[in-house]
Amino acid sequence: METCYKLFSKKSINCLHLTAKGFEFEPEITAKLLKAGYKIVEVPISTNPRGYNEGKKLNTFKDGVRAFLDIGKVSFC
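These remarks concern the structure in this document. (Residues numbered from 1 in each chain as written. Predicted model: local features only at pLDDT ≥ 70, side-chain atom pairs only at ≥ 80, totals over all residues. Heavy atoms only, no water.)

### Quick notes on the overall build of the protein chain
Link 1 in the chain: Looking only at helices and strands, one finds three helices and zero strands in the protein chain.
Link 2 in the chain: Taken from N to C terminus, the helices and strands of the protein chain fall in the order α-α-α.
Link 3 in the chain: C-alpha atoms of the protein chain, sized along the principal axes, occupy 40 × 25 × 20 Å.
Link 4 in the chain: The proportion of buried residues among the 77 residues of the protein chain is 18%.
Link 5 in the chain: The contacts of the protein chain with a sequence gap of at least 6 include a subset with a gap of at least 24, amounting to 48%.
Link 6 in the chain: With the model as given, the accessible surface of the protein chain reaches about 6600 Å², and the carbon-plus-sulfur share is 61%.
Link 7 in the chain: One way to put it: in the protein chain the 13 positive side-chain charges average out to a point 6 Å from where the 8 negative ones average out. (Helix = DSSP H or I, 4+ residues; strand = E, 2+ residues; numbered from the N terminus. Buried < 20%, exposed > 50% of the residue type's maximum accessible area, 1.4 Å probe, protein only. Contact = heavy atoms within 4.5 Å. Areas by Shrake-Rupley, 256 points an atom, 1.4 Å probe, with all protein chains shown as cover. Lys, Arg positive; Asp, Glu negative; His and termini not counted. Charge placed at Lys NZ, Arg CZ, Asp CG, Glu CD.)

In structure tokens form, the structure reads like this:
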């Protein structure tokens, strides 16, 4: 879910009311598209990930917990 690239049609997101302003966009769009009945397909890509010393900002535990809570909020509210 936490990726750089996402591709979706304009039709698929026109009906969604998105409120996220930061990293919580990822779980919000994912949960709302699934809730709307859309199927998510993974397409493999190759990357050369950066390290924390090169500007990586994600913290696996902290951001993972936040994503989990955001998914719960979108799914049950």
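### Overview of helix α3 (residues 60–76)
Link 1 in the chain: Here α3 contains 17 residues, and its C-alpha end-to-end distance of 24 Å stays within 8% of the 24 Å for a straight helix at 1.5 Å per residue.
Link 2 in the chain: Structurally, α3 contributes buried residues whose contacts are with α2 (25–35). (Expected span 1.5 Å × (residues − 1).)

### Re the packing of α2 against α3
Link 1 in the chain: At their nearest, the axes of α2 and α3 sit 9 Å apart, and the two run at 35° to each other. The two elements α2 and α3 cross, and the hand of that crossing is right-handed. Along the contact surface, α2 presents Pro27, Glu28, Ala31, Lys32 and Lys35, while α3 presents Ala67, Asp70, Ile71, Val74 and Ser75. (Axes fitted to C-alpha atoms, helices over the stretch in contact; angles between N-to-C directions. Left-handed = near helix turned anticlockwise from the far one by under 90°.)

### Quick notes on α2
Link 1 in the chain: With eight of eleven residues buried, α2 lies mostly within the body of the structure.
Link 2 in the chain: The complete set of buried residues in α2 reads Glu26, Pro27, Glu28, Ile29, Thr30, Ala31, Lys32 and Leu33.
Link 3 in the chain: For α2, the elements touching its buried residues are α1 (10–14) and α3.
Link 4 in the chain: In the stretch just after α2, Gly37 is the one whose phi turns positive, near 95°.

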